[in-house]
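Single-letter residue listing:
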Amino acid sequence: CPQKCECCGRAGASIPCRAAAGCSRLYHFPCAAASGCFQSMKTLRLLCPEHVAEAVDMEDARCSVCNGPGDLRDLVLCTSCGQHFHGACLDISLTPRKRSGWQCPQCKVCQTCRQPGRDSALLVCEACDKGYHTSCVETATQGLPTGSWKCKNCWVCSDCGQHPTGLDSSCQWSLGSAVCGDCQRRRATADVPTAPERSPQPSPPAQMSESPVPSEPMDAPVPPPELEPVGADEDTQPLLDPNQAPPDPKEAPPDPEEAPPGNAESPPGELASVEGAP
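Residues numbered from 1 in each chain as written. Predicted model: local features only at pLDDT ≥ 70, side-chain atom pairs only at ≥ 80, totals over all residues. Heavy atoms only, no water.

The name an unreviewed UniProt entry assigns to the chain is KMT2D methyltransferase, from the organism Aegithalos caudatus. Reading the Subcellular location (unreviewed entry) entry of the UniProt record for the chain gives the comment "Nucleus". (UniProt positions renumbered as here; feature names shortened; annotations may be inferred.)

In structure tokens form, the structure reads like this:
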């Protein structure tokens, strides 16, 4: 029967576990790194995760940072220089995707152009820990992203589950987005439930809604202006001195036009002087 890989289950596995007690497990080379096997580039020996403790006496079972074996299950192999590193010493959490084809910081190259680059010029995928030049990323990137970033091999649309390689060429997508362009359009056109509308409030009465305006006072009847006393008219009899004798009725009445000066208005506090009867 074909030899199947212990990790992926596919045929073609050719690297056996070299445990002292014997082991029937077989692996592909990248699958052995992804599953957490210990691999020695010097002795070409592989130990499966169940027998990795036997590597404690091997010469190259040392972390290049702390120079000790430490936790052998936390060791990861650099596929370029063959040295081992603890994930804790590099402050990275080792996952099967990161272990497969992993490169140490000194050997890390761009996965597109295969050229080395300074750490400041490389985008490092948070899922596989592989580097890419900012100029080699398919989607134009202005500077380094401030948050987490995933390469095109690790990016998956959260809605449809498609990888960039499986999307239609007309689908515009961005590596910084969680969904592809088609799903973004579907989200925009979908009926998004909105908050229930509030029942309209009854409008207040007109007299309450308008600002109160003080009512103008009604016009009170204005009394007629008092007439100032004027000179005696034709019906006004002249004032006579009480000590003077009354005029004779047989005599003709005096001409109104030749009224004695006593008929004029006298200043207050003074008695009008009347000339003697004609």
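So, next bit.
Draft legend 1. Examining the overall build of the chain more closely. Of the regular secondary structure elements, the chain holds 4 helices and 8 strands. Secondary structure elements in the chain, listed N-terminal to C-terminal, are β-β-α-β-β-β-β-α-β-β-α-α. Looking at the 278 residues of the chain, the share that counts as buried comes to 27%. Sequence-distant contacts, at least 24 apart, represent 31% of the contacts inside the chain between residues at least 6 apart. Summed over its atoms, the accessible surface of the chain is roughly 20000 Å², and 53% of this surface lies on carbon and sulfur atoms. (Helix = DSSP H or I, 4+ residues; strand = E, 2+ residues; numbered from the N terminus. Buried < 20%, exposed > 50% of the residue type's maximum accessible area, 1.4 Å probe, protein only. Contact = heavy atoms within 4.5 Å. Areas by Shrake-Rupley, 256 points an atom, 1.4 Å probe, with all protein chains shown as cover.)

Draft legend 2. Seen up close, the environment of Arg-25. Counting through the fold element by element, Arg-25 comes out in the loop between strand E1 (15-16) and strand E2 (26-27). On a C-alpha basis, the gap between Arg-25 and Ser-14 in space is 9.7 Å, while along the polypeptide they are 11 residues apart. In this structure Arg-25 touches Glu-6, Ile-15, Pro-16, Cys-17, Cys-48, Glu-50 and His-51, once residues within four positions along its chain are discounted. Within the local environment of Arg-25, its side chain forms a polar contact with the side chain of Glu-50, the two groups lying 2.9 Å apart. (Polar contact = N/O pair within 3.5 Å; in protein donor to acceptor, adjacent residues only side chain to side chain.)

Draft legend 3. Representation of unusual backbone geometry. You will see that Leu-44, though not glycine, has its phi angle at about 55°, which is positive. Counting through the fold element by element, Leu-44 comes out in the loop between strand E3 (38-40) and strand E4 (45-47). Relative accessible area serves as the criterion here: at 71%, Leu-44 is assigned to the exposed category.

Draft legend 4. Region of interest: empty space enclosed by the protein. Throughout the structure, instances matching the rule amount to 2 cavities of 30 Å³ or more. Within this model, the largest cavity holds a volume of roughly 50 Å³. Residue assignment for the lining of the largest cavity shows that the elements contributing at least two residues are E3 and strand E5 (75-77). Residue contributions to the lining of the largest cavity peak at 3 residues, all from E5. In the lining of the largest cavity, the residues fall into 6 nonpolar, 2 polar and 1 charged. In this structure, the second largest cavity occupies an estimated 30 Å³ of space. For the second largest cavity, the full set of lining residues is Gly-101, Trp-102, Gln-103, Lys-108, Gln-111, Asp-129, Lys-130 and Gly-131. Grouping the constituent residues of the lining of the second largest cavity by class yields 1 nonpolar, 4 polar and 3 charged. (1 Å grid on protein atoms, 1.4 Å probe; cavity = no way out; pocket = protein on both sides within 12 Å on 5 of 7 lines; lining within 4 Å. Points joined across faces, edges and corners; volume = space filled by probe spheres on them. Nonpolar A, V, L, I, M, F, W, Y, C, P; charged D, E, K, R; others polar.)

Draft legend 5. Layout of the nonpolar core. If you look at the biggest cluster of nonpolar residues, it comprises 11 residues: Cys-5, Ala-13, Cys-17, Ala-19, Leu-26, Tyr-27, Cys-31, Ala-32, Cys-37, Leu-46 and Cys-48. Counting residues per element, the ones that place at least two in this core are E2 and helix H1 (29-35). Residues within four places of Cys-48 in sequence aside, it is in contact with Cys-17, Cys-23, Arg-25, Tyr-27 and Cys-37. (Core = buried A, V, L, I, M, F, W, Y, C linked by side-chain atoms within 4.5 Å.)

Draft legend 6. Representation of the confidence of the model for the chain in the model. Confidence along the chain averages 74 in pLDDT terms, with 58% of residues attaining 70 or more. Taken as a whole, residues 208-212 scores under 50 in pLDDT and shows 1 contact with residues more than four places along the chain or in a different chain. Contacts from residues 269-278, a stretch scored under 50 in pLDDT, to residues over four places away or in other chains number 8 contacts. (pLDDT = per-residue confidence, 0-100.)

Draft legend 7. Representation of the packing of aromatic side chains in the model. Tallied over the full model, the rule gives 2 aromatic pairs. Ring centres 5.8 Å apart and planes at 70° place the aromatic pair Tyr-132 and Trp-149 in the edge-to-face group. You can see Tyr-132 sitting in strand E8 (residues 131-133) and its partner Trp-149 sitting in the loop between E8 and helix H3 (181-189), a full 17 residues away along the chain. Residue class for Tyr-132 comes out buried when judged on its relative accessible area of 6%. By relative accessible area, Trp-149 is classed as buried at 9%. (Phe/Tyr/Trp six-rings, centres within 6.5 Å; stacked < 30°, edge-to-face > 60°.)

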